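Structural overview for review
Here's the letter readout for the chains.
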Amino acid sequence: MTIDGIWSYAPGSGCAEGQDLTGYAVVTADGTLGHVEREAGPHGMRHLVVDTGVWLFGRSAVVPVGVVTGIDHAGRKVSLACTGDEVKEAPRFRTDSETRDPAYLTTVGDHYRRLTPRGTTSA
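The rules behind each value
In this convention, every chain numbers its residues from 1, walking through the sequence in written order. In view of the model being predicted, local features appear only for residues whose pLDDT reaches at least 70, and side-chain atom pairs are presented and counted only at 80 or more, with totals across whole chains, interfaces and linings using the full set of residues. Excluded from the side-chain calculations are hydrogens and water; all other atoms, namely the structure's heavy atoms, are used. The numbering of helices and of strands both runs from the N terminus, where a helix is a DSSP run of H or I of at least 4 residues and a strand a run of E of at least 2. Residue burial is assigned from relative accessible area. The probe radius is 1.4 Å, only protein chains are included, and a residue is buried under 20% of its type maximum, exposed over 50%, and partly exposed in between. Only heavy atoms matter for contacts: two residues are in contact if any of them lie within 4.5 Å across the pair. Under the convention used here, a 1.4 Å probe and the Shrake-Rupley method define accessible areas, while residue burial counts only the protein chains that appear. Side-chain atoms within 4.5 Å are what join buried Ala, Val, Leu, Ile, Met, Phe, Trp, Tyr and Cys residues into a set we call a nonpolar core. A score from 0 to 100, pLDDT tells how confident the predictor is in each residue. For two strands to count as paired, DSSP must find a minimum of two bridges between them. Axis definition: a line fit to C-alpha positions, over the contact stretch in the case of helices; interaxial angles, taken between N-to-C directions, run 0 to 180 degrees. Within 3.5 Å is the distance limit for a polar contact, defined as a pair of N or O atoms, with the added protein rule that one can donate a hydrogen and the other accept it, and that residues adjacent in sequence qualify only through two side-chain atoms.

When helices and strands are counted, the protein chain shows 2 helices and 6 strands. Along the protein chain, from the amino end to the carboxyl end, the secondary structure elements read β-β-β-β-β-β-α-α. By residue count, 43% of the 123 residues in the protein chain fall in the buried class. In the protein chain, the proportion of contacts linking residues at least 24 apart, taken out of those at least 6 apart, comes to 58%. About 6,300 Å² of surface is accessible on the protein chain, with carbon and sulfur atoms providing 51% of the total.

Right under this line is the structure:
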């Protein structure tokens, strides 16, 4: 999936400025991934830190907000335009300091930019 503005919510995603997404369920194209631990935006690189619980062996994942396709505030759910495996294949998140490291976040953004859009094939 090619995403322009990987660090910004897409228009129509349901993002409400100032809305706290902490605790919202995170759903991928193939099921529930976990829940939002927190949202951060250092260096203009806005992203979610997702607690995957035991799904990815208890690790957290960093997901740029440009991957968010919808936010259901009533249902407390965030939907992503990728699969759980695509999140699992992203650069590994090890320490909180990485969520403030522009080099690490650039690598994460590059991973999500390379994903193939749903219903299309790679060139």
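One non-glycine residue, His 43, adopts positive backbone phi at about 60°. Mapped onto the elements of the fold, His 43 is located in the loop between strand 2 (31-40) and strand 3 (47-51). The backbone of Arg 76 sits at a positive phi, close to 50°, despite the residue not being glycine. Along the chain, Arg 76 falls in the loop between strand 5 (68-72) and strand 6 (77-80). On the accessibility criterion, Arg 76 (40% relative accessible area) is partly exposed.

Glancing now at the nonpolar core. Formed by 30 residues in total, the largest nonpolar core has its most connected members in Leu 21, Leu 48, Val 78, Leu 80, Val 87 and Tyr 112. For this core, the secondary-structure elements that each account for two or more residues are strand 2, strand 3, strand 4 (60-64), strand 5, strand 6 and helix 2 (102-113). The element that contributes the greatest number of residues to this core is helix 2, accounting for 4 residues. Beyond its immediate sequence surroundings of up to four residues, Val 78 is in contact with Leu 21, Tyr 24, Ala 25, Val 26, Val 27, Val 36, Leu 48, Val 68 and Gly 70.

This paragraph deals with the confidence of the model for the protein chain. In this model, the protein chain carries a mean pLDDT of 86, and residues with pLDDT of at least 70 account for 86%. Per-residue pLDDT, averaged within each element of the protein chain, yields its smallest value for helix 1 (residues 84-88) (90) and its largest for strand 6 (97). When the criterion is pLDDT under 50, residues 118-123 qualifies, and its contacts beyond four places in sequence or with other chains add up to 7 contacts.

On to the sheet that holds strand 5, then. Spatially, 4-3-2-1-6-5 is the arrangement adopted by the 6 strands of the open sheet, whose pairing is mixed. One side of each edge strand has no neighbouring strand; the edge strands of this open sheet are strand 4 and strand 5. On average, each strand axis in the sheet is inclined to that of its neighbour by 35°, with strand direction left out of account. Contacting strand 3 and strand 4, helix 2 runs over the sheet at an angle of about 70° to strand 4.

Along the chain, Ser 60 turns up in strand 4. By relative accessible area, Ser 60 is classed as buried at 13%. Polar side-chain contacts of Ser 60 include one of 3.3 Å to the side chain of Glu 37. Excluding anything up to four places from it in sequence, Ser 60 contacts Glu 37, Val 49, Val 50, Asp 51, Thr 52 and Phe 93.

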